[in-house]
Each structure stands twice: as structure tokens, then as C-alpha cells.
Amino acid sequence: MSSDTTSDIPPIGNPTPPKPPSPGGPTETSSPDGSPRRRPALFRDASLSAVLAGFVAVVVSYSGPLVIVLAAAHAGHLNQGQTTSWVWAISIGSGVTCIALSLRTRMPVITAFSTPGAALLVTSLGAYSYAEAVGAFLVTGAVITLVGLTGVFGRLMRQIPTAVVSAMLAGILFSFGTGVFTSLRTAPWIAGAVLVAYLLGKRFVARYAVLLALAAGVLFSAVTSRLDIHIDHVELAKPVFTAPSFSAGSLIGIAVPLILATLASQNAPGMAVLSASGYRPDDRLLIGSTGLASTALAPFGSHAINLAAITAAICTGPEAHRDPRRRYVAGVSCGFFYLLIGAFGSTLVVLFAGLPKELVAAVAGVALFGALAGGLTAAVKEEKDREAALITFLATASGVTIAGIGSAFWGLVFGVVAHLVLTRLRAREAAAA
């Protein structure tokens, strides 16, 4: 394995920025009095590969999960203004937290709107008034903030073995890796162009392999007439404030499952992705901040802002940058594109919706190759943990949903149980010997 894989790097958390070059180097300009002035760290650390990683993460976020949000809005009988406000709120919340947390921690902190939460709302939102749903969103944000700031969530996560966490990451990304090849069945020219361009890029210009893959995919999408983009006009989104209303029914029917789905299916894998990539995330800061953002934007329609997992892996792996201390730029880039989409609401959503699903699947897949390889390597590194890691991987990759909670959470549960059982058995065997 090459030296730039995430499994070979030491844990990172608020690392010291790299020492700048000597005065007069390419990263400095002159101040009015003639003395040297260094460029801000963000500009010194910026790279095309990191910016592109953030862009790809946003493309993946809006090409699939947003459809679930729109389906939930339709099920809840929201009007156009309320739906646009919902898209605005989750985009602005994701953008602000991405930028602020990435700059604060110098880690690629990728946040997003809760996809499992939106899926739950497809079946439950129509049973309550929109004001009651907003009240449930508000309570959800407040509870997640409390759980995050108290450190309870982080203490639980730290008890999980590294091999199990890495196996869960690999399980999450497995379907995206295979998506590159399943796309060959329905769009062979597009997916094939993405794969070939990526391999050639890795051979000759590794840092820009994903950029070449994206460019090739868009080109072949246009050649094969698969691009379906029609933008009639461009306008700024207008947020709509809705006064919350509280009822026992909406709190039980919306808030409780939304809290569980967001913490278990989104924040737990999100923390695991950062940890598996060699970082030391501060759970109180990250979970608490996303909870606060959710609470503040709930009256405008935001159901939940949380740590991302799949899109985070695009930005935390070596494809974003060889140096893990410079990957935080991908988080800032991701946040910028979130804000751009949020500002223009449904206008730019149309742009992403017009991309062929095979193009999105193939580009996401190749962008995640490095993270998937790192997760698999770390999962099987220690022989004593391999069986528990295997169970975690299979349960997560299965995609099973139990009690409305996704497979990533159940992969952790089954993996931890297997680890405890096998550890105790080995301890008894050692004692008997």
C-alpha cells in the first residue's frame, strides 16, 4: 500500500499548520510598508484536488438524497415556498457548519442533511400539520445538541474497536464501489469513460484523477445525449419562517424516530469515517454544533443537520490530498458549494438533477476507492479482530433496515457484540490454558 493511505497516518486533531516557507517564497506577498506578509493558511493549503473533492461530495448529496426531501415535502403537502425554504435551510445549515468546523478543527468535517430522517418523513409528515412538524424539528435539534455537548455520544463511540469502525466504513462504501461497475450495464460509455479516465489519471497525474473522471463522464454524457439540464431562470431563494407548534403526537411520531435515525444512522458513521481516516474528532464540538444549526434553522424547514458519512469519505481520503493536514480545504469547498446552492434554491438543484444517475454513481465510486481500500486494510489488520470486522462489514453492506434504523448502526451493534463474545471466549481459553 502506498504511503499516502489513511491507515498509515497518525491521528490528527487540530494539527499545527505547516511551517511556511522562508520570506520571499511563493506563498508571500508584500504589505504596504514593504515587509513580507504571508498568505492566509487556507490559501497556502488549497489545492484543486481538495476543492474538487468538496464539489463531488455536493453533487452526490444533491443528486440522490434531495429527491427524498422533495418526496417528503410532497407527502406533507408543502407549497412551493415552504419546499424552497426547506432546501434553503438544509443547504445553508450544511454549508455554514462545513466551513466553520473545517476551519476550526483543520479537519475535513463534512456535514449534510439527514437522509434517513427525510425518508422517515415521507411516511409520517402527512399525518401532522406543518407547524407541528417544525415543532418536532426544533425538539430534535435541541435534543441532539444536548447529547452532543454532554459528551455522552462520544464516550459511547470511543468504546468501539478500531477494526469494527473501519469495517463499518468499508461496508458503507461497498455499494458505491460496485456502483461503478453496475453502471456499465445501463450506461457503458459514460461509466466506462469515468473508469478509464480515472485509471489513466492515477497512472500519470494521480492528484487530478477524479477531475479527469468527472470531465470524461460529463463529456460522454453530452455526446450520448444523457444530460437533461433545463434552467429557465435564476433567482435567489426566499426562506419562509413557520412558527412551531407542539403536540404529543408529532413529538412521538416525528421527533423520537428522527433523533434516533440522525444519531445512529448519520452521526455515528460520520464520526467513524473521521476516526477511520486518522483524525481525532471532538464529538462535543461536532455533534453540538450540528445540533445547534438544526435548532436555529428548524423554523425554516430544516429537519436535521448532521455529520455526513458517504460524502465525508470523499473528502477525508487520499484522493482529496496526499497530506491529511490539507484535506480540511475539501470541507471548506463543500461548504461553499452548499451555500451557493442554498442561495439559489431550486435553480441549481435542477442542474444536479439533470446529471445521469450513472455518471453520479461512477464518479462517486472512483472518488471513494481510496477510502474503501483504507477501510478494508484497517479492518483486517489485526487477526484477533477479523471475525468481528467481517460481521460488521457484511451487516453494513447488506443495507438492512431494522426499526427504521439503517444498516450502518446495526453493523456497529453486531460487530461490537461479536467482538465482546469472541474476546471473552479467548480470555477464558487463555485462563484455562
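Residues numbered from 1 in each chain as written. Predicted model: local features only at pLDDT ≥ 70, side-chain atom pairs only at ≥ 80, totals over all residues. Heavy atoms only, no water.

1. A short note on helix α8 (residues 162–186)
Phase 1: Under the 1.5 Å per step criterion, the end-to-end length of α8 is 38 Å for 25 residues, consistent within 8% with the ideal 36 Å.
Phase 2: Its maximal kink placed at Gly179, α8 deviates by approximately 40°. (Helix = DSSP H or I, 4+ residues; strand = E, 2+ residues; numbered from the N terminus. Expected span 1.5 Å × (residues − 1). Bend = angle between axes of the 7 residues up to and from the residue.)

2. A word on the pattern of salt bridges
Phase 1: Tallied over the full model, the rule gives four salt bridges.
Phase 2: For Arg226, the salt bridge is made with Glu358, and the minimal N-O distance between the two is 2.8 Å. Of this pair, Arg226 sits in the loop between α10 (209–223) and α11 (248–276) while Glu358 is found in helix α16 (residues 357–367), placing the two residues 132 residues apart along the sequence.
Phase 3: Look at Glu358 and you get buried, because its relative accessible area is 4%.
Phase 4: For Asp385, the salt bridge is made with Lys384, and the minimal N-O distance between the two is 3.2 Å. (Salt bridge = Lys/Arg side-chain N within 4 Å of Asp/Glu carboxyl O. Buried < 20%, exposed > 50% of the residue type's maximum accessible area, 1.4 Å probe, protein only.)

3. Focus on the packing of α10 against α16
Phase 1: Interhelical geometry of α10 versus α16 gives an angle of 165° and a closest axis separation of 10 Å. Here α16 runs roughly antiparallel to α10, going by the angle between their axes. Crossing of α10 over α16 shows right-handed handedness. Of the residues in α16, those in contact with Val210, Ala213, Leu214, Gly217, Val218 and Ser221 of α10 are Leu359, Val363, Val366 and Ala367.
Phase 2: Of the residues in the contact of α10 with α16, the class split is eight nonpolar, two polar and no charged. (Axes fitted to C-alpha atoms, helices over the stretch in contact; angles between N-to-C directions. Parallel < 35°, antiparallel > 145°, perpendicular 65-115°, else oblique. Left-handed = near helix turned anticlockwise from the far one by under 90°. Contact = heavy atoms within 4.5 Å. Nonpolar A, V, L, I, M, F, W, Y, C, P; charged D, E, K, R; others polar.)

4. Here we look at the packing of α11 against helix α12 (residues 283–297)
Phase 1: The N-to-C vectors of α11 and α12 enclose an angle of 140°; their axes lie 12 Å apart at closest approach. Here α11 is positioned oblique relative to α12, judged by the angle of their axes. Helix-helix and strand crossings are classified by hand; for α11 and α12 the assignment is right-handed. For the pair α11 and α12, the contacting residues are Asn267, Met271 and Leu274 in the first and Asp283, Leu286 and Ile287 in the second.
Phase 2: Residues belonging to the contact of α11 with α12 are distributed by class as follows: four nonpolar, one polar and one charged.

5. Some thoughts on the side chain of Glu358
Phase 1: Engagement of the side chain of Glu358 in a polar contact is seen with the side chain of Thr186, the distance being 2.9 Å.
Phase 2: When near neighbours in sequence (up to four residues on either side) are disregarded, Glu358 contacts Ser183, Thr186, Ala187 and Arg226. (Polar contact = N/O pair within 3.5 Å; in protein donor to acceptor, adjacent residues only side chain to side chain.)

6. Observations concerning the environment of Asn267
Phase 1: Within the secondary structure, Asn267 is located in helix α11.
Phase 2: Overall, the relative accessible area of 0% leaves Asn267 in the buried class.
Phase 3: The spatial distance from the C-alpha of Asn267 to the C-alpha of Phe409 is 9.8 Å, given a sequence separation of 142 residues.
Phase 4: Apart from the residues within four sequence positions on either side, Asn267 is in contact with Ile144, Phe153, Thr262, Ile287, Asn306 and Leu307.
Phase 5: Among the polar contacts listed, one links the side chain of Asn267 to the backbone nitrogen of Leu307, at a separation of 2.9 Å.

7. Overview of the nonpolar core
Phase 1: With 106 residues, the main nonpolar core has Val56, Trp86, Leu173 and Ile254 as its most contacted residues.
Phase 2: Looking at which element gives the most residues to this core, the answer is α11, with eleven residues.
Phase 3: Non-local contacts of Leu173, meaning those with residues more than four positions away in its chain, are made with Ile310, Ala313, Leu368, Ala371 and Leu372.
Phase 4: Listed in part, the five residues of the second largest apolar core include Trp88, Ala89, Ile92 and Ala237. (Core = buried A, V, L, I, M, F, W, Y, C linked by side-chain atoms within 4.5 Å.)

8. Notes on the side chain of Thr97
Phase 1: Looking at where Thr97 falls in the secondary structure, it is placed in helix α4 (residues 80–105).
Phase 2: By relative accessible area, Thr97 is classed as buried at 6%.
Phase 3: Within the structure, the side chain of Thr97 is placed 3.1 Å from the backbone oxygen of Ser94, a separation counted as a polar contact.
Phase 4: Residues in contact with Thr97, not counting those within four places in the same chain, are Ser102, Thr111, Ser289, Ala293 and Ile305.

9. Let's talk about the environment of Gly342
Phase 1: Secondary-structure assignment places Gly342 in helix α14 (residues 328–344).
Phase 2: Assessed through its relative accessible area of 0%, Gly342 is described here as buried.
Phase 3: Along the chain, Gly342 and Ile90 lie 252 residues apart, while their C-alpha atoms are 7.8 Å from each other.

10. Things to note about the state of the cysteines
Cysteine pairs can be covalently joined through their sulfur atoms, and such a bond is termed a disulfide.
Phase 1: By the definition in use, this model includes zero disulfides.
Phase 2: With no disulfide of its own, Cys315 lies closest to Cys334 among cysteine sulfurs, the gap being 5.4 Å. (Disulfide = S-S within 2.5 Å.)

11. Some thoughts on the packing of aromatic side chains
Phase 1: In the structure shown here, the tally under the stated rule is nine aromatic pairs.
Phase 2: Each ring, one from Tyr198 and one from Phe369, has its centre 5.6 Å from the other, and the planes form 75°; the classification is edge-to-face. Placement of Tyr198 in helix α9 (residues 188–204) and of Phe369 in helix α17 (residues 369–379) is noted, with a sequence separation of 171 residues between them.
Phase 3: Members of the aromatic cluster, each reached through a chain of ring pairs, are Phe55, Phe336 and Phe337. (Phe/Tyr/Trp six-rings, centres within 6.5 Å; stacked < 30°, edge-to-face > 60°.)

12. What about a nonpolar patch on the surface?
Phase 1: Together, Leu48, Val196, Leu200, Phe204, Val205, Tyr208 and Leu212 make up an exposed nonpolar region whose accessible area comes to about 630 Å².
Phase 2: Tracing the backbone shows Tyr208 in the loop between α9 and α10.
Phase 3: Residue Tyr208 is classed as partly exposed on the basis of its relative accessible area, which comes to 30%. (Patch = residues over 30% accessible without salt bridge, like charges linked within 9 Å, V, L, I, M, F, W, Y side chains within 5 Å. Areas by Shrake-Rupley, 256 points an atom, 1.4 Å probe, with all protein chains shown as cover.)

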